[in-house]
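Breakdown of the fold
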Amino acid sequence: MASSLLLPRATFPTTKHHHPTTVLHFAACKPHPHRLIRCDAAADDTASGDGWSSLLDEIRGSLQADDSSIPDDLLSAPPPVTVPDTQILLGADQSPPPPPPMPPIRDDLLAALHLDATNPLARAAGDAISRLESLPDTQRWALLAIAAATYIYLTARPGVLSGAIDAYLLSPLQLALDTVLGRRSLKMSDFVVGERIGEGSFGVVYAGAVVPKGGAAPERRVGKAKTRLEMDDRYKEKVILKKIKVGTTGAKECGDYEEWFNYRVARAAPESCAEFLGSFVADKTKSEFVKGGKWLVWKFEGDRTLANYMSDRNFPFNLEGLMFGRTVQGLDSTSRAALVVKQVMRQLVTSLKRIHGTGIVHRDIKPSNLVVTRRGQVKLIDFGAATDLRIGKNYVPDRALLDPDYCPPELYVLPEETPQPPAEPIAAILSPILWQLNSPDLFDMYSAGIVLMQMASPMLRSPSGLKNFNSELKAAGYDLNRWRENTRRRTDLQILDLDSGRGWDLATKLISQRGANKRGRLTAAAALRHPYFLLGGDQAAAVLSKLSLSK
Ligand SMILES: Nc1ncnc2c1ncn2[C@@H]1O[C@H](COP(=O)(O)OP(=O)(O)OP(=O)(O)O)[C@@H](O)[C@H]1O
């Protein structure tokens, strides 16, 4: 097999012109493993007999080659000086011709890309491009096709590449930054716990506040005398605290998952979720604290969820001011209501698109898990049931964690026969296939469809109205059009029928069976392209309100 060696010009003091290298080709064949078979020398190097002899001496010296590998007659027969880049065949070697010399690195390309040619990375890139350019067309196209296919696979949902960047770069960076800023060293004494605002299967949620720096925790008042924290101006920084139940089976595991998911979404979709401040473990038993019990802490994002707003008779007008800064002028009440509903829906679907894009399925989308901030933002909360299907986090094949009122008919994000996820890196590599085959994100899209129906129709907002709707829907085979034809109740769907029924069309494409091909519903990205959202009256109203507020 032939090989070549580039000897820098500097090793040949007798040659002094502009050719940078002299290329020597060797045959690695017995009995001379370094048999010189060819020398591509620049014309300048061979311009004189003296130069050539010195060159060969240099070569012998540099390589410590066996003299016999260079025929003697060569020394007495300097190459013709008239041929530029003279190629001299040495010996009667029958070895196959050596590979063509490396093409020069594309300095012009590096310059065009404003890359520093002395930078090793830039040179490596230039080197790779030069090698690619030197390949025959078919090989080059094959390589490009493989590279494109690999890129498409790695960036297809849920994003193997971005997941690897998140896991191996962003997550450690977040940890380091949080540690430096002291965010990972929260303590029980940093917080004061206020009224209890909810209880789930594995945690109890309290309103709370951060104890001001330097100030000792003010005495807590309990019972009837307890002041609502939000009325108490000693506490500026309001928080939400979730106490993970101690002694409840699976509670610790769920709490750990919720914490993991909150850090994860804080990196992947910060503007879509309540800001997570961290966790702490109680160091003593005192009032609500139980020694060793874990607490999760969020920034207080707003005192009402979408469920709270929807339970008000004035919905959706009670959100109009928050969403658009004031009452929208020049429209009848149905159109104004429709704008609010569309704006909430747009924010919800946008948030779902963001989390689905990173492999997370929330699995508990419902109005009480959508907190509305004072600036009219709709944020996702409660990631206790979420699953990250890029790496199989919190995914147990046959476990359904769901609220039956919002759960799609398939009950599970993946078919029950899907096996336990393998080790995380392998699961991540396989995840685009899993998403293509099963579209697990459509689980949340069904729930979003139910939220849309509830916002649009007052009849469906009460628990009994929703239950009724769900049983009629089930009887209609989860076909919303069939449900509408057959329902015994007169459901007001005016809001969805506006604009030639675009809202209704969207609802029918969110609430449906998955079908044999496991699709049958719009993804969040496709929903945002639906004509319902393309007429952006709600967006225009929101932008106008921001402009008028900033004046
Ligand atoms: N960051 C937040 N800002 C404001 N309110 C919040 C926040 N997080 C939670 N809440 C309030 O706390 C309630 C319960 O929170 P969450 O849903 O996370 O707890 P949970 O234990 O899972 O309860 P549930 O099972 O009833 O949903 C929410 O409905 C909401 O009213």
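How each quantity is defined
Residue positions are given per chain, counted from 1 along the sequence in the order it is written. The predicted origin of the model limits local features to residues at a pLDDT of at least 70 and limits the giving and counting of side-chain atom pairs to 80 or more, whereas totals for whole chains, interfaces and linings rest on all residues. Think of the side-chain values as coming from all heavy atoms in the structure, minus any hydrogens and water. Numbering of helices and strands runs from the N terminus, with a helix taken as a DSSP run of H or I at least four residues long and a strand as a DSSP run of E at least two residues long. Categorising residues by exposure relies on relative accessible area from a 1.4 Å probe, with only protein chains included: less than 20% of the type maximum marks a residue as buried, more than 50% marks it as exposed, and the intermediate range marks it as partly exposed. Should any heavy atoms of two residues lie within 4.5 Å, those residues are considered in contact. Residue-level accessible areas treat just the shown protein chains as cover; the underlying method is Shrake-Rupley with a 1.4 Å probe. Any two cysteine sulfur atoms within 2.5 Å of one another count as a disulfide. Domain segmentation is taken from an automatic or database assignment of domains. Summed over both partners, buried area is the accessible surface (1.4 Å probe) that two parts give up on being assembled. A pairing counts as a salt bridge when a side-chain nitrogen of Lys or Arg comes within 4 Å of a carboxyl oxygen of Asp or Glu. Axis geometry follows a simple rule: fit a line to the C-alpha atoms, using only the stretch in contact for helices, then measure angles between N-to-C directions, giving values from 0 to 180 degrees. Oblique is the label for every angle not falling under 35 degrees (roughly parallel), over 145 degrees (roughly antiparallel), or within 65 to 115 degrees (roughly perpendicular). By convention, the crossing between two helices is left-handed when the near helix turns anticlockwise from the far helix through less than a right angle, and right-handed when the turn is clockwise. You can read pLDDT as the predictor saying how much it trusts each residue, on a scale of 0 to 100. Pairing of aromatic side chains requires ring centres within 6.5 Å, counting the rings of Phe and Tyr and the six-membered ring of Trp. Pairs whose planes differ by under 30 degrees are stacked, by over 60 edge-to-face, and all others tilted. By the criterion adopted, a ring carries a charge over it if an Arg CZ or a Lys NZ lies within 6 Å of its centre and within 35 degrees of its normal. The criterion for strand pairing is that DSSP finds at least two bridges linking the strands in question.

1. Things to note about the overall build of the chain
A tally of regular secondary structure across the chain gives 18 helices and 14 strands. Expressed as a percentage of the 551 residues in the chain, the buried residues total 45%. Long-range contacts, defined as pairs at least 24 residues apart, comprise 63% of the intrachain contacts of the chain with a sequence gap of at least 6. About 28600 Å² of surface is accessible on the chain, with carbon and sulfur atoms providing 58% of the total.

2. A look at the state of the cysteines
In the structure shown here, the tally under the stated rule is 0 disulfides. Of all cysteine sulfurs, the one in Cys-407 lies closest to Cys-254, which takes part in no disulfide; the gap is 16 Å. Here Cys-407 falls in the buried class, since its relative accessible area comes to 10%.

3. Let's talk about the domain arrangement of the chain
Under the domain assignment used here, the chain contains domain 1 (155-180), domain 2 (186-213 + 235-299) and domain 3 (304-545). A C-alpha centroid distance of 23 Å is found between domain 1 and domain 2. Contacts between the two partners involve 5 residues from domain 1 and, on the opposite side, 4 residues from domain 2. Between domain 1 and domain 2 lies a buried interface of about 370 Å² when both sides are counted; carbon and sulfur atoms form 39% of it. Taken as a group, Asp-166, Gln-174 and Asp-178 account for 82% of the area that domain 1 buries against domain 2, more than any other trio of residues on that side. Summed over the shared surface of domain 1 and domain 2, the result is 2 salt bridges. Asp-166 serves as the salt-bridge partner of Arg-264, at 3.6 Å between the closest nitrogen and oxygen.

4. What to know about the environment of Asp-499
By secondary structure assignment, the location of Asp-499 is in helix α15 (residues 494-510). Taking C-alpha positions, Asp-499 is 11 Å from Phe-533, a pair spaced 34 residues apart along the chain.

5. With respect to the environment of Leu-296
With respect to the element layout, Leu-296 can be found in strand β9 (residues 294-299). Spatially, the C-alpha atoms of Leu-296 and Leu-277 are 7.9 Å apart, while their sequence positions differ by 19 residues. With residues near it in sequence (within four places) discarded, Leu-296 still touches Ile-240, Leu-241, Lys-242, Ile-244, Gly-255, Glu-258, Glu-259, Phe-276, Gly-278 and Ser-279.

6. With respect to the packing of helix α12 (residues 442-456) against α15
Two packed helices can be described by the angle between their axes and the distance between those axes. Where α12 contacts α15, the axes come no closer than 8 Å and their chain directions differ by 150°. It follows that α12 is roughly antiparallel to α15 by the angle criterion. The crossing of α12 and α15 is left-handed. Residue-level contacts link Met-445, Tyr-446, Gly-449, Leu-452, Met-453 and Ala-456 of α12 to Ile-495, Leu-496, Gly-503, Trp-504, Leu-506, Ala-507 and Leu-510 of α15.

7. Thoughts on unusual backbone geometry
Of note, the bond from Phe-315 into Pro-316 is cis; its omega dihedral lies within 30 degrees of zero at 0°. As for its position among the elements, Pro-316 is in the loop between α8 (306-310) and α9 (320-324). Although it is not a glycine, Ser-439 adopts a positive phi angle of roughly 40°. Position of Ser-439 among the secondary structure elements: in the loop between α11 (424-438) and α12. Look at Ser-439 and you get buried, because its relative accessible area is 3%. Here the phi dihedral of Tyr-478 falls at roughly 60°; this positive angle occurs in a residue that is not glycine. With respect to the helices, strands and loops of the structure, Tyr-478 is situated in the loop between α13 (463-475) and α14 (480-486).

8. Overview of the confidence of the model for the chain
With 71% of its residues at a pLDDT of 70 or more, the chain shows a mean pLDDT of 78. Within the model, the stretch residues 1-21 combines pLDDT values under 50 with 50 contacts to residues more than four positions away or in other chains. Low pLDDT, under 50, characterises residues 43-48; the stretch is placed with 20 contacts to residues that sit more than four places away or in other chains. Across the whole predicted complex the pTM is 0.71, and at the interface the ipTM reaches 0.94.

9. A word on the packing of aromatic side chains
The relation between two aromatic rings is expressed through the spacing of the ring centres and the mutual angle of the planes. Considering all chains together, one arrives at 11 aromatic pairs under this definition. Consider the rings of Phe-289 and Trp-295, whose centres lie 4.7 Å apart with planes at 45°: the pair is tilted. On the basis of relative accessibility, which here comes to 7%, the residue Phe-289 falls in the buried class. Among the aromatic residues, ring-to-ring pairing joins Phe-191, Tyr-206, Phe-280, Phe-289 and Trp-295 into one connected group. Stacked on the ring of Tyr-309, the Lys or Arg Arg-304 has its end atom at 4.3 Å from the ring centre. The side chain of Lys-342 reaches across the aromatic face of Tyr-532, ending 5.1 Å from its centre.

10. Looking at the sheet that holds strand β12 (residues 370-372)
Two strands in a sheet stick together by hydrogen bonds in their backbones, pointing the same way (parallel) or opposite ways (antiparallel). Pairing is antiparallel across the open sheet formed by 3 strands, whose spatial order is β10-β12-β13. In this open sheet, the two strands that pair with only one neighbour each are β10 (304-305) and β13 (378-380). On top of the sheet, helix α10 (residues 333-357) reaches β12 and β13; it is set at about 35° to β13, its chief contact.

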